[in-house]
Amino acid sequence: MESAADEVSSLLRLRRIATTKPDAAAAVSSTNFFSATEEAAEEPPEEEPVTPCGRLFCEPNMSCYIMCILGFKNLINLPEFKQALKETLVKHKRFHSVMTKNAKGIDVWVATEVDIDAHVFEPSGFLEEELAAPHFVEAYVADLASAPPMSFSRPLWACHILNGTSGDAAAHMVVRVHHSLGDGTSLMSLLLACTRRVDQPNMLPSVPAKRKNLKADPPFSLLSSLWKTLILVRNTVIGLSYYFATILWVKDSDTRIKGHQGVERAPKSLMYTVIDIDDMRLVKDAVNGTINDVLMGIIGAGLHQYLEESRGKNTKTDGVTQIQPTMQNGVSSHRKTTLNLSHLRIRATALQNTRMTPGLQELATMMEGGSQKQWGNRLGYLIFPISVQHFSDPLDHVRAAKRTSDRMKASLEGAFTYWSGALLMAMTGPPQVARLTEHTTLQTTMAVSNVPGPMEPVMFGGNPIVLIYPTAAGQPSSLSILFQSYVGKACLVAMTARDLIPDPGTLCQCMADALQEMKRAVISRRQDLN
């Protein structure tokens, strides 16, 4: 069996990335484990069925990976980090299990021994100047996003250690996890459950809690409940009608940022910018919304600015003819697209976890031997319209996002898409569901995710973490925008198909500028009132 180091070295040959190889004894012990287990174990190992979403993410056209980048204040001591991972992350069932088929041909998780050297390694072959170059980590992760799938003979995760990087972080750890192990929010929470607060090393970090509705039930609560039920039914019907229309014929406008068949295999670019959570709270309070409403608002406003700048470089007319790359049968070609910002249809797909995400304390208990039953992908799809039209009031972008978000919160659209997908998979198998999911995603323009992070500085293995941001790869989308908060700041991350959006840093800056414009509008309005 090819070692993990050799596998990664071949996967990332585009950037001359080599890795330190685990010693021969470790490789032999890893191989001998399976033969020893087969001889010694008379009883079949304990099995757990793979969830429908987990099976979906194993299809070739939906082979998705989640990557989390952690920046550390100090250089990483590799042996100490391996030991810390063995005492935390590896104890979770998904991180010491392999996916296989049982005697009935059903995909199941089976526990196995973990050779930590096969999962945690440090690339070699880089000069110090290369490691310290600006945006080296982003380029490394972008190349890793285009790497072939992991071997299913081992647990589906790996950690890449990058020592000597530039900026506030002296070192980075890139955690690459197959999406079948769990959804992004749960996996991020699991990683955070492995950390401890810097100021109180024995305590878990705290994350922002969802705002609860503390309003008392009004008189005639029966009528109120009936009205809420009618609203729920109405919104669900609207959402599902929109979803099925997207499957059948409703397609986003052909712009320079929209993906094409095969875009999941295209080379990637990655960039991020840091924004202030207090600025988002200021805007949020002005429209009585949420951080997520502000996020979707600045995405819309940022895309408007980005597309306007692109239009200005090509034509002075209201419609823009662009040449957009496509891939058919692995061959690059081009098609003409016409852009009119006032009539564009741009939508984002978002995954909704229909199961409550375990809290950090519950996850920490899992890794200490507690119950791990409440785990796995139970994801529904939401399709979120992004308004890129011009508004004289920049806050109208957030208000438009809030209207859509309020409707989706009072809807069962996400739960229905999960259960209908699970039923379809039981009837037809994963390949059909994967093709349908790929088609639906390609009908839209982008993917969006929002992951809340710790409110206090945290550390792992005694090393303080100064930066956290996630990204995802393998989905059939040319643009993925992810939002990760950490200690009053947030990383706004853009992963793009390089042939369509070669400048994700410009797009990130457009979104950051949009937030500042909204902030100025709120401050100006308050000053006028005073």
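Residues numbered from 1 in each chain as written. Predicted model: local features only at pLDDT ≥ 70, side-chain atom pairs only at ≥ 80, totals over all residues. Heavy atoms only, no water.

- An unreviewed UniProt entry annotates the protein chain as Diacylglycerol O-acyltransferase of Sphagnum jensenii.

Some words on the overall build of the protein chain
Argument step 1. Tallying secondary structure elements over the protein chain gives 15 helices and 20 strands in all.
Argument step 2. Looking at the 530 residues of the protein chain, the share that counts as buried comes to 53%.
Argument step 3. Within the protein chain, contacts between residues separated by at least 24 positions form 80% of all contacts whose residues are at least 6 apart in sequence.
Argument step 4. Summed over its atoms, the accessible surface of the protein chain is roughly 24700 Å², and 56% of this surface lies on carbon and sulfur atoms. (Helix = DSSP H or I, 4+ residues; strand = E, 2+ residues; numbered from the N terminus. Buried < 20%, exposed > 50% of the residue type's maximum accessible area, 1.4 Å probe, protein only. Contact = heavy atoms within 4.5 Å. Areas by Shrake-Rupley, 256 points an atom, 1.4 Å probe, with all protein chains shown as cover.)

Some thoughts on the pattern of salt bridges
Argument step 1. Per the stated rule, a full pass over the model turns up 20 salt bridges.
Argument step 2. For the salt bridge of Asp 107 with Arg 55, the shortest nitrogen-to-oxygen distance reads 3.6 Å. In this pair, Asp 107 is assigned in strand 5 (residues 107-111) and Arg 55 in helix 3 (residues 52-56), connecting sequence segments 52 residues apart.
Argument step 3. Residue Asp 107 is classed as buried on the basis of its relative accessible area of 16%. (Salt bridge = Lys/Arg side-chain N within 4 Å of Asp/Glu carboxyl O.)

Side note on the pairing of strand 18 (residues 463-473)
Argument step 1. In terms of burial, strand 18 is a largely internal element, 10 of the 11 residues being buried.
Argument step 2. Summarising the sheet, strand 3 (residues 65-72) and strand 18 pair through eight bridges and their orientation is antiparallel. Counted as the bridge partner of Leu 70 is Ile 468 from strand 18.
Argument step 3. The pairing of strand 17 (residues 458-460) with strand 18 spans two bridges and is classified as antiparallel. Bridge pairing in strand 18 links Phe 460 to Asn 463.
Argument step 4. Connecting strand 17 to the next strand, strand 18, in antiparallel fashion are two residues, including Gly 461 with a positive phi near 60°. (Pairing = 2+ DSSP bridges.)

So, a nonpolar patch on the surface
Argument step 1. A contiguous nonpolar patch, built from Leu 223, Leu 226, Trp 227 and Leu 230 and spanning about 470 Å² of accessible area, is present on the exposed surface.
Argument step 2. The topology assignment puts Leu 223 in helix 8 (residues 221-248).
Argument step 3. Since its relative accessible area comes to 57%, Leu 223 is described here as exposed. (Patch = residues over 30% accessible without salt bridge, like charges linked within 9 Å, V, L, I, M, F, W, Y side chains within 5 Å.)

Examining the nonpolar core
A general trend in soluble globular proteins is that nonpolar side chains are found buried together.
Argument step 1. Judged by nonpolar contacts, the single largest core of 51 residues is most densely connected at Ile 299, Leu 303, Ile 346, Ile 386 and Met 446.
Argument step 2. The residues contacting Leu 303, other than those within four sequence positions of it, are Ile 257, Ile 346, Ile 386, Val 388, Met 446, Leu 479 and Leu 507. (Core = buried A, V, L, I, M, F, W, Y, C linked by side-chain atoms within 4.5 Å.)

Description of the sheet that holds strand 20 (residues 489-497)
Sheets are built from strands that pair by backbone hydrogen bonding, the pairs being arranged parallel or antiparallel.
Argument step 1. Read across the open sheet, the six strands follow the order 11-20-19-16-14-15; overall the sheet is mixed. Edge positions in the open sheet fall to strand 11 (268-276) and strand 15 (379-386), since each of these has one partner strand only. The average undirected angle you get between the axes of adjacent strands in this sheet is 25°.
Argument step 2. With nine bridges joining them, strand 11 and strand 20 adopt antiparallel strand pairing. In the sheet register, Thr 273 faces strand 20, and the bridge partner there is Leu 492.
Argument step 3. Of the strands in this sheet, strand 14 (346-353) and strand 15 are in contact with helix 13 (residues 413-428), which crosses strand 15 at around 130°. (Axes fitted to C-alpha atoms, helices over the stretch in contact; angles between N-to-C directions.)

Regarding unusual backbone geometry
Argument step 1. The phi dihedral of His 135 falls on the positive side, at around 65°, and the residue is not glycine.
Argument step 2. Tracing the sequence through the fold places His 135 in the loop between helix 5 (128-131) and helix 6 (136-145).
Argument step 3. Despite not being glycine, Asn 288 has its phi angle at roughly 55°, a positive value.
Argument step 4. Looking at where Asn 288 falls in the secondary structure, it is placed in the loop between helix 9 (277-287) and helix 10 (291-314).
Argument step 5. In this structure Asn 288 comes out as exposed when scored by relative accessible area, which is 56%.

Thoughts on the side chain of Ser 411
Argument step 1. Locating Ser 411 in the fold gives a position in the loop between helix 12 (396-409) and helix 13.
Argument step 2. Its relative accessible area of 10% is what places Ser 411 among the buried residues.
Argument step 3. Ignoring any residue separated from it by four or fewer positions in sequence, one finds Ser 411 in contact with Leu 232, Asn 235 and Thr 236.

A few points about the packing of aromatic side chains
Argument step 1. One pass over the full model with this rule turns up nine aromatic pairs.
Argument step 2. With a centroid separation of 5.2 Å and 80° between ring planes, the pair formed by Phe 81 and Phe 460 is classed as edge-to-face. Residue Phe 81 is found in helix 4 (residues 78-87), and its partner Phe 460 is found in strand 17; the two are separated by 379 residues along the sequence.
Argument step 3. Taking relative accessible area as the criterion, Phe 460 reaches 4% and is therefore assigned buried.
Argument step 4. Ring plane angle 70° and centroid distance 4.9 Å describe the contact between Tyr 418 and Trp 419, whose orientation is recorded as edge-to-face.
Argument step 5. For Tyr 418, a relative accessible area of 7% puts it in the buried group.
Argument step 6. Here the aromatic residues Phe 72, Phe 81 and Phe 460 are joined through ring pairs into a cluster of three or more. (Phe/Tyr/Trp six-rings, centres within 6.5 Å; stacked < 30°, edge-to-face > 60°.)

A look at the packing of helix 9 against helix 15 (residues 504-529)
Argument step 1. For the pair helix 9 and helix 15, the least separation of the axes is 9 Å and the interaxial angle reads 55°. Taken together, the axes of helix 9 and helix 15 are oblique relative to one another. In this structure, helix 9 crosses over helix 15, and the sense of that crossing is left-handed. From helix 9, Asp 279, Met 280, Leu 282, Val 283 and Ala 286 reach across to helix 15, where they touch Leu 515, Gln 516, Met 518, Lys 519, Val 522, Ile 523 and Arg 526. (Parallel < 35°, antiparallel > 145°, perpendicular 65-115°, else oblique. Left-handed = near helix turned anticlockwise from the far one by under 90°.)

So, helix 9
Argument step 1. For helix 9, every residue scored as buried is listed here: Ile 277, Asp 279, Met 280, Leu 282, Val 283, Lys 284 and Val 287.
Argument step 2. The backbone nitrogen of Asp 278 lies 2.9 Å from a side-chain oxygen of the residue at the head of helix 9, namely Asp 276.
Argument step 3. With its phi angle positive at about 55°, Asn 288 sits one or two positions after the end of helix 9. (Polar contact = N/O pair within 3.5 Å; in protein donor to acceptor, adjacent residues only side chain to side chain.)

As for the sheet that holds strand 5
Argument step 1. The three strands lie next to each other as 2-5-4, forming an open sheet whose pairing is antiparallel. The sheet is open, and its two edges are formed by strand 2 (47-49) and strand 4 (97-101), each paired on a single side. Each strand axis lies, on average, 35° off the axis of its neighbour in the sheet, ignoring direction.
Argument step 2. Where strand 4 meets strand 5, five bridges bridge the pair, whose relative direction is antiparallel. Within strand 5, the position partnered with Lys 101 by the bridge is Asp 107.

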